[in-house]
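The residues making up each chain are set out below.
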Amino acid sequence: MHKLLIFFLLFTNLVFSQDNKKEVLEYQKELNESYFNPEKTPLKEDELKDFKGLNFYPYNEKFVVKATLQKLENQQVFKMPTSGKNQPNYKRYGILHFTIDNKKFQLEVYQNIDLIKMKGYKKHLFLPFIDETSGNETYGAGRYLDIEIPDGNEIVLDFNKAYHPYCAYTLGYSCPITPDVNFLKTEILAGVKF
């Protein structure tokens, strides 16, 4: 390969990495601010007094991965189990195939039937997952990623944007329970942690 082309590819990847890191850090800052905001926080007044902010793993480029989306057709709507009484309607949208440290993984991704009818959420996909940090460094019931339906069959998963459900911090919420099929046999050392 021509040296100039190699340099260009390396430079392009470096620029993407720096831009992506900046975007992730901004996202994490906004998420933290929403918890401190009395009008937006899920925390109760006494919990907010003791709240010191969300903790995050350091940004890790290894956990920004390209996944191939295998779309599933004719899926039945089902009631997503939650930590409360509410069981929202979901359907399996597809299976994401990706690699971390040369190991192959897959996760099911879902659509909330009511949410996709709302303005701005038509392409929204919900990705809950559990990994080997769950119950130790992160919430035992798993973490979530919000992604969008891609134009093609490739999608970037950025686990640096993984977040805990409200149930990790307070009572009174009905949070989706991560399906067993979405257990990753590896540590995802990215995103929010305790």
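This text gives an overview of the structure that appears in the document.

Conventions we followed
- Residues numbered from 1 in each chain as written.
- Predicted model: local features only at pLDDT ≥ 70, side-chain atom pairs only at ≥ 80, totals over all residues.
- Heavy atoms only, no water.
- Buried < 20%, exposed > 50% of the residue type's maximum accessible area, 1.4 Å probe, protein only.
- Helix = DSSP H or I, 4+ residues; strand = E, 2+ residues; numbered from the N terminus.
- Pairing = 2+ DSSP bridges.
- Phe/Tyr/Trp six-rings, centres within 6.5 Å; stacked < 30°, edge-to-face > 60°.
- Lys NZ or Arg CZ within 6 Å of the ring centre and 35° of its normal.

Description of the pairing of strand 6 (residues 124-129)
With six of six residues buried, strand 6 is to be regarded as a mostly interior element. Burial of the side chains of strand 6 extends over both faces: His-124, Phe-126 and Pro-128 are buried on one face and Leu-125, Leu-127 and Phe-129 on the other. The pairing of strand 6 with strand 7 (residues 143-148) spans six bridges and is antiparallel. Note that in strand 7 the partner of Leu-127 across the bridge is Leu-145.

Quick word on the packing of aromatic side chains
Enumeration according to the criterion identifies 14 aromatic pairs in this entry. For the ring pair Phe-36 and Phe-51, a centre distance of 4.9 Å and an interplane angle of 55° mean the geometry is tilted. Taken as a pair, Phe-36 in helix 1 (residues 3-36) and Phe-51 in the loop between helix 2 (45-50) and strand 1 (55-56) lie far apart in primary sequence, 15 residues in all. Relative accessible area serves as the criterion here: at 40%, Phe-36 is assigned to the partly exposed category. Within the aromatic cluster, the residues linked to one another by ring pairs are Tyr-35, Phe-36, Phe-51, Tyr-139, Tyr-166, Tyr-169, Tyr-173 and Phe-194. Over the ring of Tyr-27 we find Lys-161; its NZ or CZ atom is 5.8 Å from the centre of that ring.

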